[in-house]
Amino acid sequence: MTRLTASTRLPKILLDKTLVGRLEALAASMMRRSPEVGERLMDEIARAKLVAPDKLRSDVVTIGNEVTYRDLGNDRVQTVILTYPEDADIDQHRISVLTPIGVALLGLSVGASISWATRDDETRTLEVLKVMPMTS
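Let me sum up the structure you'll find in this document. In this text, all values refer to a predicted model and were calculated from it rather than measured experimentally.

Regarding the packing of aromatic side chains
Scanning the entire structure with this criterion turns up zero aromatic pairs. For the cation-ring pair, Arg22 lies above Tyr84, with the distance from its terminal atom to the ring centre recorded as 3.6 Å.

The following block contains the structure:
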């Protein structure tokens, strides 16, 4: 996974503070299988502003939200639901927070863009277009 340079501006991210313990445990479990993803998730948690669930804005990507984003490299627009690993199902467009794109999306708000490295070590940039809260 390519490292972001010091000159790369990372967007601000917000996280529901009640999710941090589980996200840290998931990141730690990834260190053996995919250290790049585990480290990136830990880095994102460390730099996030932690907020109470009722203070998390509705335009911020969190677990269970449907998010529409544009890949700025090929202008492709995609809509996915960010999930915990056990709920992921690519056929249902449900992506795990333990994937490179899942880590990249976590905590972003509408209008934010971020570069991320695919599993093939290709650097891509995405922009969040729309966030819809989880429907029960």
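The structure having been displayed, the exposition proceeds.
A look at unusual backbone geometry
Phi at Asp75 takes a positive value of approximately 65°, unusual for a residue other than glycine. Along the polypeptide, Asp75 turns up in the loop between strand 3 (66–71) and strand 4 (76–83). The phi torsion at His93 lies on the positive side, around 60°, for a residue other than glycine. Its location among the elements puts His93 in the loop between strand 4 and strand 5 (94–96).

Regarding helix 1 (residues 20–33)
Along its 14 residues, helix 1 runs 20 Å from first to last C-alpha, staying within 8% of the 20 Å computed at 1.5 Å per residue. When we look at burial in helix 1, the residues that qualify are Val20, Leu23, Leu26, Ala27 and Met30. All buried residues of helix 1 project into a common sector of 125° when viewed along the axis, lining one side. For helix 1, the elements touching its buried residues are strand 1 (14–16), helix 2 (35–47) and strand 2 (49–51).

Quick look at the environment of Leu23
Turning to its location among the elements, Leu23 is positioned in helix 1. On the accessibility criterion, Leu23 (0% relative accessible area) is buried. Apart from the residues lying within four places of it in its own chain, the contact partners of Leu23 are Leu41, Ile45, Tyr84, Val97 and Leu106.

Cut-offs and rules
Residues numbered from 1 in each chain as written. Predicted model: local features only at pLDDT ≥ 70, side-chain atom pairs only at ≥ 80, totals over all residues. Heavy atoms only, no water. Phe/Tyr/Trp six-rings, centres within 6.5 Å; stacked < 30°, edge-to-face > 60°. Lys NZ or Arg CZ within 6 Å of the ring centre and 35° of its normal. Helix = DSSP H or I, 4+ residues; strand = E, 2+ residues; numbered from the N terminus. Expected span 1.5 Å × (residues − 1). Buried < 20%, exposed > 50% of the residue type's maximum accessible area, 1.4 Å probe, protein only. Arc of directions from axis to C-beta. Contact = heavy atoms within 4.5 Å.

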